[in-house]
Amino acid sequence: MREILIKGQLHKFESFEEFAEEFQLGSEDLILTNEFIYQPFMKELNLDCQIVFQEKFGAGEPSEEMITEIFKAVKPESFKRLIAVGGGAIMDIGKVLSLKRTGSVHDLYFKKAEVVQEKELIAIPTTCGTGSEVTNISVAIVRDDNGNTTKLGLVSDLLIPSSVCLIPQMLKTLPYAPFASSAIDALIHAVESYLSPSRATMTSELYGVKAMELILEGFRRIRDQGRDARFEYFDEFITASCYAGIAFLQAGCATVHAMSFPLGGTYHVPHGESNYALFGKVLEKYDAIKPEGKIMEFKQTIARILGGTPEHAIFNLKELLETILHLKPLREYGFKKEDIDIFTDSVIENQQRLVVNSYVPLTKELIKEIYQETM
Ligand SMILES: NC(=O)c1ccc[n+]([C@@H]2O[C@H](COP(=O)([O-])OP(=O)(O)OC[C@H]3O[C@@H](n4cnc5c(N)ncnc54)[C@H](O)[C@@H]3O)[C@@H](O)[C@H]2O)c1
Ligand SMILES: [Fe+2]
C-alpha cells in the first residue's frame, strides 16, 4: 500500500507579500480568489496578474454550473500558472481549472472525460478545514442521472497542487462561523482517516493524531477563553488542517462525508457543518456495533488529549464541540422524512469511494437509522 504522498512543496509565509516575492508573481499568473480576500491582502501590492473573483460566477460551494461559467470566462491560453487563494471551494475550482479541458465539467466529475494536467497550480488555503491544498480530490455539486443534486468528488493525483503555501495570518478575516465549521471538518478528516479500516497507514495515523491534538487544544482554548482565542492559534489550526489533509489523502474519509454529501448538495449546508450534523451519531453507532478495535484506541487518544476516561471520550468530545458550534437536527436545514430513502440511495449509488472506508459495514439499514436519529 502507498504509505505517503505529499506531492506539493510545502511553504509557510508571514504574509501574502512575502509569498508574492518568493514566487515572483507576474503577468502569466492567474489568481482565483474572492474579492473580500483580495482587498485586504493583495490589492495594495498592485500585482501584475490576472485576477478572477469566484463570486462573480455564483454563490456558495462549487457547482457544475458555476465551474462551467468560469471555464467560459477564463481562457486557458491567458495564463500559465494558477494560484488558488481561498477556502476549499476556491481550491477545488482551481484544481479543475488547472486541467486540460478534455470534456464538459459534468463529464469530468462523472469520470467520462480524461484527467490531463495542464497548468501549474499553487494552493493557498484561507480556511482551516478541507486540506484540499494537499489532496487529490475536487468536490462539486452535481446533478446525477436521476436528476437529484449531490456532491461528487473527482479524484486524481494529477489534481494535487504542486506548491502549498500556508499563510496563517490570512485566517484573520475569516468570520467565526466558517472558521468553526472548517476546523470541525478538519477534525473529522483526522478521525475518519484514523478509523479507516483498510487504508489507514502508519503515516496517516501520525498526521491524523497530531491534527486531532492541535485542533482539540485550540477548541479547548476557545471554550475557556472565548472565540477570540483563535487569533493566537491560527498557525496551529492551518497546520492541523493540512496534516488532516495528508492523513485522509492516504486513508480516505468515510461514513460522515458519504452521508453529508447529499445533505450539502440538496440543502446547501456548509460542508463542515453538514459533516458535524452526522459526526457524533456516526461515532456512537461505530462504538455500539464494534466497540473493540480501533475505536477503543480512538477513545483512549481522545481521553489523553481532553482528559476524562475513554468510556466518556465520545460524550466529552461532543460536549466540547457543542461549545464551538451548536449542533442542529437535520430538519433545521430543510431535511424531510422523504429524504431518508432518497439520500440513502444516493449514498449507496454515488459515494462508494467513501462507503468502503466505513469502520463498520455501511448497510442501507444503518444509513437510514443514522439519518432517522439525526433528523
Ligand atoms: N478537495 C478536498 O480535499 C476537500 C475536502 C473537504 C471539503 N472540500 C470542499 O471544500 C468546500 C468547503 O471548504 P471550506 O470549508 O474551506 O469553505 P468555503 O471555501 O466554502 O469557505 C467558507 C466561507 O468563508 C469565506 N472565506 C474563506 N476564507 C476567508 C477569509 N480568509 N476571510 C473571509 N472569508 C473567507 C468563503 O468565501 C465562504 O463564504 C466544500 O465545497 C467541500 O466540498 C474539499
Ligand atoms: Fe471534509
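Residues numbered from 1 in each chain as written. Chains lettered and ligands numbered in written order. Predicted model: local features only at pLDDT ≥ 70, side-chain atom pairs only at ≥ 80, totals over all residues. Heavy atoms only, no water.

Considerations on the domain arrangement of the protein
Many structure descriptions define interface size as the accessible area lost when the parts assemble.
Link 1 in the chain: Considered domain by domain, the protein is made up of domain 1 (9-169) and domain 2 (176-374).
Link 2 in the chain: For domain 1 versus domain 2, the distance between C-alpha centres works out to 25 Å.
Link 3 in the chain: Each partner contributes to the interface: domain 1 provides 27 residues, whereas domain 2 provides 31 residues.
Link 4 in the chain: Roughly 2,300 Å² of surface becomes buried between domain 1 and domain 2 when both sides are summed, with 61% attributable to carbon and sulfur atoms. (Domains from an automatic or database assignment. Contact = heavy atoms within 4.5 Å. Buried area = accessible area lost by both parts, 1.4 Å probe.)

Overview of the layout of surface pockets
Link 1 in the chain: Here the second largest pocket defines a volume of roughly 220 Å³.
Link 2 in the chain: Lining the second largest pocket are 15 residues; nearest its centre among them are Ala 277, Gly 280, Lys 281, Lys 318 and Leu 327.
Link 3 in the chain: When residues in the lining of the second largest pocket are grouped by element, the largest group, seven residues, is from helix H10 (residues 271-289).
Link 4 in the chain: Within the lining of the second largest pocket, the residues separate by chemical class into seven nonpolar, two polar and six charged. (1 Å grid on protein atoms, 1.4 Å probe; cavity = no way out; pocket = protein on both sides within 12 Å on 5 of 7 lines; lining within 4 Å. Points joined across faces, edges and corners; volume = space filled by probe spheres on them. Helix = DSSP H or I, 4+ residues; strand = E, 2+ residues; numbered from the N terminus. Nonpolar A, V, L, I, M, F, W, Y, C, P; charged D, E, K, R; others polar.)

Focus: the site of ligand 1
Link 1 in the chain: Residues in close proximity to ligand 1 total 28 residues, the closest being Gly 88, Thr 126, Thr 127, Thr 135 and Ile 137.
Link 2 in the chain: Thr 127 places a side-chain nitrogen or oxygen 2.6 Å from an oxygen atom of ligand 1.
Link 3 in the chain: A total of 860 Å² of accessible area belongs to ligand 1 in isolation, and the protein chains cover 87% of it.
Link 4 in the chain: Grouping the constituent residues of the shell around ligand 1 by class yields eleven nonpolar, twelve polar and five charged. (Near = heavy atom within 4 Å. Polar contact = N/O pair within 3.5 Å; in protein donor to acceptor, adjacent residues only side chain to side chain. Areas by Shrake-Rupley, 256 points an atom, 1.4 Å probe, with all protein chains shown as cover.)

Some points on the pattern of salt bridges
Link 1 in the chain: This model, assessed by the stated rule, comprises 22 salt bridges.
Link 2 in the chain: One salt bridge connects Glu 373 with Lys 281, and the closest N-O pair in it is separated by 3.4 Å. Here the residue Glu 373 occupies a position in helix H15 (residues 364-374), and Lys 281 occupies one in helix H10, the gap between them amounting to 92 residues.
Link 3 in the chain: A salt bridge links Glu 369 to Lys 285; its shortest N-O distance comes to 2.8 Å. (Salt bridge = Lys/Arg side-chain N within 4 Å of Asp/Glu carboxyl O.)

A look at the packing of aromatic side chains
Each aromatic ring pair is summarised here by two numbers: the centre-to-centre distance and the angle between the ring planes.
Link 1 in the chain: A complete count under the given rule lists 17 aromatic pairs for this structure.
Link 2 in the chain: Centre to centre, the rings of Tyr 176 and Phe 179 are 5.9 Å apart; their planes meet at 45°, and the pair counts as tilted. Of this pair, Tyr 176 and Phe 179 both sit in helix H6 (residues 176-194), three residues apart, roughly one helical turn. Phe 179 matches Tyr 176 in its accessibility class, with the two residues each being buried.
Link 3 in the chain: Taken together, the ring pairs connect Tyr 176, Phe 179, Phe 219, Tyr 233 and Phe 237 into an aromatic cluster.
Link 4 in the chain: Over the aromatic face of Tyr 176 sits the side chain of Arg 227, whose NZ or CZ is 3.9 Å from the ring centroid.
Link 5 in the chain: Above the ring of Phe 179, the side-chain terminus of Arg 230 is found at 5.4 Å from the ring centroid. (Phe/Tyr/Trp six-rings, centres within 6.5 Å; stacked < 30°, edge-to-face > 60°. Buried < 20%, exposed > 50% of the residue type's maximum accessible area, 1.4 Å probe, protein only. Lys NZ or Arg CZ within 6 Å of the ring centre and 35° of its normal.)

Some details on empty space enclosed by the protein
In this approach, a probe sized like a water molecule rolls over the atoms, and the result shows the empty space that is left.
Link 1 in the chain: Across all of its chains, the model carries two cavities of 30 Å³ or more by this definition.
Link 2 in the chain: What lines the largest cavity is Val 191, Glu 192, Leu 195, Ala 254, Val 256, Phe 279, Val 282, Leu 283 and Tyr 286.
Link 3 in the chain: Those elements that place two or more of their residues in the lining of the largest cavity are H6 and H10.
Link 4 in the chain: The element that contributes the greatest number of residues to the lining of the largest cavity is H10, accounting for four residues.

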